[in-house]
Amino acid sequence: MSEQKNLFKELAEQSESIVEHARKKYPDRLWMFEVQKVYWQNVYQAREKGLKLIMHGPNMPPEIIYACGAVPFLLDCIPTRIASSKEGVARYVDIAEKYVPSSLCGLDKTDIGAALSGDMEKPDAIIYASAPCDSTRAAYPAIADYLGVPSYCIDSPYKKDERGFAYIAEEMRGAVAFLEEVTGNKLDWNRMVEVIEYSNKAYELLGKIAELRQNIPCPLPGRLLVLNELFGAMVGSPEIIDFLEAQYKIGKEKVDKKEGCLEGEEKFRIMWLQNMIWSNVGILDWLEQEYGAVVIMDAFGYQASYQIEDPWNEDEVYTGLAKRMLGAPMTHGASGPVEPWMELVDTAITNYKCNAAFFAGHVGCKHTWAAGKLIKDMVYNKFGMPTLTFDLDAVDRRYKPEEAIKETIKEYMDTLIESKGAK
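As the structure is a computational prediction, the values presented were derived from the model and not from experiment.

J.: Could you give an account of empty space enclosed by the protein, naming the residues involved and the relevant values?
T.: Counted by the stated rule, this structure contains one cavity of 30 Å³ or more. For the largest cavity, the calculated volume is near 30 Å³. Taken together, Ser15, Ile18, Phe33, Gln36 and Arg81 form the lining of the largest cavity. Within the residue set of the lining of the largest cavity, elements represented by two or more residues are α1 (7-25) and α2 (30-44). Grouping the constituent residues of the lining of the largest cavity by class yields two nonpolar, two polar and one charged.

J.: Give a detailed account of the pairing of strand β1 (residues 53-56), specifying residues and quantitative values.
T.: As a general feature of sheets, a regular strand has side chains that alternate between the two faces. Neither face of β1 is open: one carries Leu53 and Met55, the other Ile54 and His56, and all of them are buried. Relative to strand β2 (residues 71-74), β1 runs parallel, the two sharing four bridges. Each residue of the ladder has a partner; that of Leu53, found in β2, is Val71. Bridging between β1 and strand β3 (residues 125-129) involves three bridges; their strand directions are parallel. Opposite His56, over in β3, you have Ile127 as the bridge partner.

J.: Break down helix α16 (residues 339-352) for me, with residues and values.
T.: With 14 residues, α16 extends 20 Å between its outermost C-alpha atoms, agreeing within 8% with the 20 Å of an ideal straight helix rising 1.5 Å per residue. Within the sequence span of α16, burial applies to Trp341, Leu344, Val345, Asp346, Ala348, Ile349 and Tyr352.

Quick notes on the rules
Residues numbered from 1 in each chain as written. Predicted model: local features only at pLDDT ≥ 70, side-chain atom pairs only at ≥ 80, totals over all residues. Heavy atoms only, no water. 1 Å grid on protein atoms, 1.4 Å probe; cavity = no way out; pocket = protein on both sides within 12 Å on 5 of 7 lines; lining within 4 Å. Points joined across faces, edges and corners; volume = space filled by probe spheres on them. Helix = DSSP H or I, 4+ residues; strand = E, 2+ residues; numbered from the N terminus. Nonpolar A, V, L, I, M, F, W, Y, C, P; charged D, E, K, R; others polar. Buried < 20%, exposed > 50% of the residue type's maximum accessible area, 1.4 Å probe, protein only. Pairing = 2+ DSSP bridges. Expected span 1.5 Å × (residues − 1).

Structural data, given as structure tokens:
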């Protein structure tokens, strides 16, 4: 095993170096990197500031962690952050596969490997939801047991309806009691109101940015959809608002000038139906440059803008957070009945006027493949649009080389171009 390192320190320092580089070379893009610097420094410096560090899974609202005076850290930020680096996730996946099946999701194998390696700082607790998949449901309690820290699971219902929202709201109260115990702090409702106001603003901005992307040509590039996944880790903080406001301003200026994100003509508008390629976001840039094809929206990142109107009303807050949990990626599409996912894709393709669809099936998301076939058939039957389906590991580039992915995409795009020419 290679030398042990402090992963949080390394990522905080890397983020700071990237910001300094961008400040000199790309000052207009500084907003894209500063938000990452703030996030990793907050995680790394939590203990120095005397704050508890609470690790959490996807779909778990950070708002209640902030309101208990602790620092939230989304575990999946490790694999998605390092997937594109030189070493990537290989170190941690290889460590994990000595103890867990290789079929486990690459994100969770990375998280497990980081814990086993000793590179990841031990948190004060781990809190997660039983959705969206079996892999996370197995990984998070295993990490907590190995590290010897308390954990709490918010049980998630199968259906996303009023009964389900009420159930999650009650589960949320249990999660708050757990957080109060492990942090030693009572939930501060004044702080909760402040955090909810931040998250309301963030949801509003995310919705407005999504609306901007409906314009033809699309004002914002595909890679920003990947960066927007920081939303689930930072919602409830002022920094995510700064990031979204900067993005909205740029997109709005483009729309007002009737300009798109491409220098040339926008020829294809792609709906991305599965996880993004965190290990190689450059493929989205290549699509734009090579084919004039912009990834307009991803079905797993497409979510409703839930507003909590009265943050002083405890019942409304917990119900609102419940709706956000069940309406967030990936629970909103890949957990429960297939119908909500089909409706989501149907609405998104219609609203964003897409003329191409990709199902880049992450091998770790086995539960989405059967549903993916139903989605693919629906897209073809309703829109007459063939969907490109291929497999990859969204975080471990060793599974399928970049050139193999590009070759698959090239064949599909060339077919679309020929078909378009024939018409």
